[in-house]
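Residue strings, one per chain:
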Amino acid sequence: MIELTVKLETLLDRSEKNMGSGIHPVVKESALEMVKRAYQEGIFVQISAGYRSMEEQAKLYGQGRLGYIYDGKNYSDLSKPRVTNAMPGQSYHNYGLAIDYFIVSDDGKNAIWTVDAKWRRVAAIGKSLGFAWGGDWSSFKDYPHLDMTGGLTYSQLKAGTKPRLISKVNGTTPPAKQVESVVKDTPAKDSGNQTIKSIQRTLNGRYRTKIDVDGYYGPNTKKALIKGFQTELNKQYGAKIKVDGIWGPQTKAASPNVREGAEGNITYILQASLYLEGHDPHGMDGIFGSGTEIAVKSFQRANGLSADGIAGENTFAKLFG
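Residues numbered from 1 in each chain as written. Predicted model: local features only at pLDDT ≥ 70, side-chain atom pairs only at ≥ 80, totals over all residues. Heavy atoms only, no water.

Enquirer: It is not clear to me how the overall build of the protein chain should be interpreted in this structure. Could you clarify?
Expert: Broken down by element type, the protein chain carries eleven helices and seven strands. Rg of the C-alpha trace for the protein chain: 21 Å, near the compact-globule value of 20 Å for 321 residues, within the 12% margin. When its C-alpha atoms are laid out on the principal axes, the protein chain stretches across 65 × 50 × 40 Å. For the protein chain, long-range pairs separated by at least 24 residues make up 55% of all intrachain contacts whose partners lie at least 6 apart in sequence. (Helix = DSSP H or I, 4+ residues; strand = E, 2+ residues; numbered from the N terminus. Rg over C-alpha atoms; globule rule 2.2 N^0.38 Å. Contact = heavy atoms within 4.5 Å.)

Enquirer: Please clarify how the layout of surface pockets should be interpreted in this entry.
Expert: To find leftover empty space, a probe the size of one water molecule is rolled over the atoms. The computed volume of the second largest pocket comes to approximately 610 Å³. Along the wall of the second largest pocket there are 31 residues; nearest its centre are Lys 127, Ser 128, Gly 130, Lys 168 and Glu 277. Mapped onto the lining of the second largest pocket, the elements with two or more residues apiece are helix 4 (117–128), helix 7 (219–237), helix 10 (290–302) and helix 11 (313–320). The dominant element in the lining of the second largest pocket, judged by the number of residues it contributes, is helix 4, at three residues. (1 Å grid on protein atoms, 1.4 Å probe; cavity = no way out; pocket = protein on both sides within 12 Å on 5 of 7 lines; lining within 4 Å. Points joined across faces, edges and corners; volume = space filled by probe spheres on them.)

Enquirer: How do you make sense of the pattern of salt bridges when you look at a structure like this?
Expert: The final tally for this structure, using the stated rule, is six salt bridges. We note a salt bridge from Arg 52 to Asp 100, for which the minimum N-O separation is 3.9 Å. Of this pair, Arg 52 sits in the loop between strand 1 (45–49) and helix 3 (54–62) while Asp 100 is found in strand 4 (residues 98–104), placing the two residues 48 residues apart along the sequence. Notably, a salt bridge pairs Lys 127 with Asp 136, separated by 2.8 Å at the nearest N-O pair. Exposure remark for Lys 127: the relative accessible area of 29% places this residue in the partly exposed category. (Salt bridge = Lys/Arg side-chain N within 4 Å of Asp/Glu carboxyl O. Buried < 20%, exposed > 50% of the residue type's maximum accessible area, 1.4 Å probe, protein only.)

Enquirer: Can you walk me through unusual backbone geometry in this structure?
Expert: Backbone geometry follows two general trends: most residues other than glycine have a negative phi, and most peptide bonds adopt the trans configuration. Despite not being glycine, Lys 240 has its phi angle at roughly 60°, a positive value. Position of Lys 240 relative to the elements: it lies in the loop between helix 7 and helix 8 (249–254). Positive phi is not limited to glycine here, since His 282 has a value of about 55°. Structurally, His 282 can be placed in the loop between helix 9 (265–276) and helix 10.

Enquirer: Sorry if this is basic, but what is going on with the confidence of the model for the protein chain here?
Expert: One rule of thumb: low pLDDT means the predicted coordinates there are not for detailed reading. Across the protein chain, the average pLDDT comes to 88, with 92% of residues at or above 70. Predicted confidence for residues 172–190 stays below pLDDT 50, and this span has 31 contacts to residues more than four positions away or in other chains. (pLDDT = per-residue confidence, 0-100.)

Enquirer: Could you clarify how one ought to interpret the environment of Gln 90 in this entry?
Expert: Tracing the sequence through the fold places Gln 90 in the loop between strand 3 (73–74) and strand 4. Along the chain, Gln 90 and Thr 153 lie 63 residues apart, while their C-alpha atoms are 9.2 Å from each other. Beyond its immediate sequence surroundings of up to four residues, Gln 90 is in contact with Asn 85 and Tyr 154.

Enquirer: In this structure, what is going on with helix 3? I would like to understand it.
Expert: Residue pairs spaced three or four apart in an α-helix point in one direction, given the helix's 3.6 residues per turn. Buried within helix 3 we find Gln 57, Ala 58, Tyr 61 and Gly 62. For helix 3, the angular spread of buried residues about the axis comes to 135°, placing them on one side. Note on helix 3: the residue one or two positions beyond its end, Gly 64, has a positive phi of about 75°. (Arc of directions from axis to C-beta.)

Enquirer: Looking at this model, I keep getting lost on the packing of helix 6 (residues 194–207) against helix 9. Mind explaining?
Expert: The geometry of a pair of packed helices is captured by two quantities: the angle between their axes and the separation between those axes. One way to put it is that helix 6 packs onto helix 9 with a least axis distance of 11 Å and a crossing angle of 145°. Relative to helix 9, helix 6 is oriented so that their crossing is left-handed. Of the residues in helix 9, those touching helix 6 at Thr 195, Ile 196, Ser 198, Ile 199, Thr 202, Arg 206 and Tyr 207 are Asn 265, Tyr 268, Ile 269, Ala 272, Tyr 275 and Leu 276. Of the residues contributing to the contact of helix 6 with helix 9, the split by class is eight nonpolar, four polar and one charged. (Axes fitted to C-alpha atoms, helices over the stretch in contact; angles between N-to-C directions. Left-handed = near helix turned anticlockwise from the far one by under 90°. Nonpolar A, V, L, I, M, F, W, Y, C, P; charged D, E, K, R; others polar.)

Enquirer: Honestly, the side chain of Glu 232 in this entry has me stumped. Any pointers?
Expert: Relative to the elements of secondary structure, Glu 232 occurs in helix 7. No salt bridge forms around the buried Glu 232; measuring N to O, its nearest opposite-charge neighbour Lys 235 is 5.1 Å away. A polar side-chain atom of Glu 232 sits 3.0 Å from a polar atom in the side chain of Asn 265. Contact partners of Glu 232, with chain neighbours within four places excluded, come to Tyr 207, Tyr 237, Asn 265, Ile 266 and Ile 269. (Lys, Arg positive; Asp, Glu negative; His and termini not counted. Polar contact = N/O pair within 3.5 Å; in protein donor to acceptor, adjacent residues only side chain to side chain.)

Enquirer: I keep staring at the pairing of strand 1 and nothing clicks. Help me out?
Expert: Where burial is concerned, most of strand 1 is hidden: four out of the five residues are buried. Relative to strand 4, strand 1 is paired through four bridges, and the arrangement is antiparallel. Across the sheet, Ala 49 pairs through a bridge with Asp 100, a residue of strand 4. (Pairing = 2+ DSSP bridges.)

Written as structure tokens, this is what we have:
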């Protein structure tokens, strides 16, 4: 009997259903793209969970706990083991910013939970799309978990702050109601993020990069940032590197350590890059203050780096690489 290989459409349909309607559109788009890219490499992956309501979180938290009450209801269930330490509001799933995944068998009928090379490759694909992986956590490692938080804490999210996530699938942020896996519509003339437009104008003015001022973060804007960074390295440090907008070993080796108190164009490029990666420094004035330090630490944590608040070659490599 010939064993049929599971179809990509099947994995995408299952994954979309499991993520639920409350999932953030950028998280959804990125998750489905991860499934597609893994499939191209012969790895069959499926999203098992996405948005989780507060009540669903309470039900999970109540497993193995006596007398747990949430919103006036008893969610205690001693018949099941404890599976989480996250109370309602203390999981990024509750805000549609996290997913879980697993590998499926070639025929798509069985879940495979072994954390092997294939599992880690899927995590790497997810990280390239902007996710942080639970397998990189230092204390409790949650291997199925991927999240995309925009640098926001649970407290900020509970207070109603909305994350500003930028898709790395096609370099744009889908509108709030966008649920398709690919954004096909051409942006209206007056659409686009105004802060990104300001960054693009600054890059054009300082470095003659001639990129479109459209308010969308794509490969051309990223290349312009790298060109600006390379120009400043040559100007300020005599690096003598080629200004080509391509991140490589020479540019990485020439990267300085930028920390609190620094001022100038390199600090501005750092602030702009952090903003574009979803970690708002709350000001792009070329002055490394507390807001920039918080954003650097947030970005470092999200990318598995030591969160020391100092932007060095490894931090710049994650921003530009």
